[in-house]
Amino acid sequence: IRVVPELDVPGHAGTILWARPDLAAGTAPDALPRAFGPSRHALDPTLDETWALLDAVVGDLARHFDDPFLHIGGDEVHPQVYAFEDERRRSWCEAHALDSALDVQRWFVAEMAALVGRHDRRAVVWDEALAESLPEDVVVQSWRGAGSLEAALVAGHDALSSSGYYLDLCYPARLHYAFDPAGGPAALAEAEAALLTDPGLAKVQSGIEGLLRSVDELSGRVAAERGVMLGGEACLWSELVTSELLDTRLYGRLAAIAERLWSDPDRCDVDDFYRRLPGLLAHLEAHTDCRPLTGCEPVLLRIGVRPDELHHVRVLLAALEPVRWYRRLLGARLAAARGEGSGMGFADAERPY
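To keep things clear, this report deals only with the structure shown in the data block. Treat the numbers as computed from the prediction; the structure is a model and nothing was measured. (Residues numbered from 1 in each chain as written. Predicted model: local features only at pLDDT ≥ 70, side-chain atom pairs only at ≥ 80, totals over all residues. Heavy atoms only, no water.)

## What to know about the packing of helix 9 (residues 246–262) against helix 10 (residues 270–287)
Between helix 9 and helix 10, whose axes approach to 10 Å, the crossing angle comes to 120°. Judged on the interaxial angle alone, helix 10 and helix 9 are oblique. Helix 10 is crossed by helix 9, and the crossing has right-handed handedness. Of helix 10, the residues touching helix 9 (which contributes Tyr-251, Gly-252, Ala-255, Ala-256 and Glu-259) are Phe-273, Arg-276, Leu-277, Leu-280, Leu-281 and Leu-284. Within the contact of helix 9 with helix 10, the residues separate by chemical class into eight nonpolar, one polar and two charged. (Axes fitted to C-alpha atoms, helices over the stretch in contact; angles between N-to-C directions. Helix = DSSP H or I, 4+ residues; strand = E, 2+ residues; numbered from the N terminus. Parallel < 35°, antiparallel > 145°, perpendicular 65-115°, else oblique. Left-handed = near helix turned anticlockwise from the far one by under 90°. Contact = heavy atoms within 4.5 Å. Nonpolar A, V, L, I, M, F, W, Y, C, P; charged D, E, K, R; others polar.)

## As for empty space enclosed by the protein
Evaluation of the coordinates by the stated rule reveals three cavities of 30 Å³ or more. Size it by volume and the largest cavity reaches roughly 150 Å³. Secondary structure elements with two or more residues in the lining of the largest cavity: helix 7 (184–195) and helix 8 (205–213). No other element matches helix 8, which puts three residues into the lining of the largest cavity. Of the residues that constitute the lining of the largest cavity, the class distribution is eleven nonpolar, two polar and two charged. (1 Å grid on protein atoms, 1.4 Å probe; cavity = no way out; pocket = protein on both sides within 12 Å on 5 of 7 lines; lining within 4 Å. Points joined across faces, edges and corners; volume = space filled by probe spheres on them.)

## Some points on the nonpolar core
Judged by nonpolar contacts, the single largest core of 73 residues is most densely connected at Leu-54, Ile-72 and Tyr-82. In terms of residues, this core owes the most to one element, helix 4 (residues 101–118), which gives nine residues. Counting nine residues, the second-largest nonpolar core is a separate cluster that includes Tyr-177, Leu-281, Leu-284 and Cys-290. (Core = buried A, V, L, I, M, F, W, Y, C linked by side-chain atoms within 4.5 Å. Buried < 20%, exposed > 50% of the residue type's maximum accessible area, 1.4 Å probe, protein only.)

## Overview of the sheet that holds strand 3 (residues 122–126)
Through backbone hydrogen bonds, the strands of a sheet pair up, either in parallel or in antiparallel fashion. Taken in spatial order, the six strands make up an open sheet running 1-2-3-4-5-6, and their pairing is parallel. Two strands lie at the open edges of the sheet, namely strand 1 (6–9) and strand 6 (229–232), each paired on one side alone. Pairwise comparison of adjacent strand axes, ignoring direction, gives a mean angle of 25° for this sheet. Sheet topology places strand 2 (residues 69–73) next to strand 3; four bridges connect them, and they run parallel. When the sheet's bridge partners are listed, His-71 is paired in strand 3 with Val-124. Each of strand 1, strand 2 and strand 3 touches helix 4; the most contacted strand, strand 2, lies at about 160° to it. (Pairing = 2+ DSSP bridges.)

## As for the state of the cysteines
Counted by the stated rule, this structure contains zero disulfides. Cys-296 supplies the cysteine sulfur nearest to Cys-290, a cysteine that is in no disulfide, at a spacing of 15 Å. (Disulfide = S-S within 2.5 Å.)

By themselves, these observations are geometric and do not establish any function.
Now the structure itself:
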């Protein structure tokens, strides 16, 4: 297990810019941002003060985290935020031979990777940052599917796979269990294709298809030597996970991912996994502070369920399925729009949650 801090720049910088509005490329937020998705707030790469702050923060992270990797994000930058119109920034772009907003974003990521290297750390980025200008020693983390993973490896980047391991999408454990990095990109692509025909995901099929299509524009180099598959990450973003719900959302399906990442490839019998899972969950309840089986009880009691009703309510809940994929976050209308290729939408859009 690695503990890797993530300083997500330049786009997921609303919190930084709430504290330091003078470093904004455009407008700074007037309140602490709390919505997910791309926003119109991003760090200004033309300011020496921006790089002085980032150098100080990276230095601080390097002192507190001795792992050689440091994640710098690079994802979900608003497509218009670096379309500079003022004379000073346009002159800066000309001096750096940057012809588009995307060029500015890619320059920022490459400079940030170099900064991390000066602190004796190795940068990790999300797959949106993959480009010919990305230094080859940067690790690419694929979240959008086997296509972006393969593009990163072909470009010579070492890579991480997380696209099959998003626990916040509320997939059943058997679907996560099908993604085995040891099988190579072809096996991961086969598991990915199976999502599109799974009856339990029928209502979000168009969204999954849209996400997989979003890697079509990737344009990395073709390296002389293929990159190495380093591992994977189980992802649980916290928009819909409170501390009370964490254990019940995390541990049952996390075990499936742990087995795929840590076990021999021939251990792949999902029925056997389900037979063994109750023993693991009972062990966690009995011998740790984790509550994967009973963690929801305080919530139920708080909303009015009587103690003598808990068993019956839990039986009912066990018969229900959660809302899959991003429909819970986006709502039906925006989820359908994402399936048509409009992305996740922006952080300033209304969110049903």
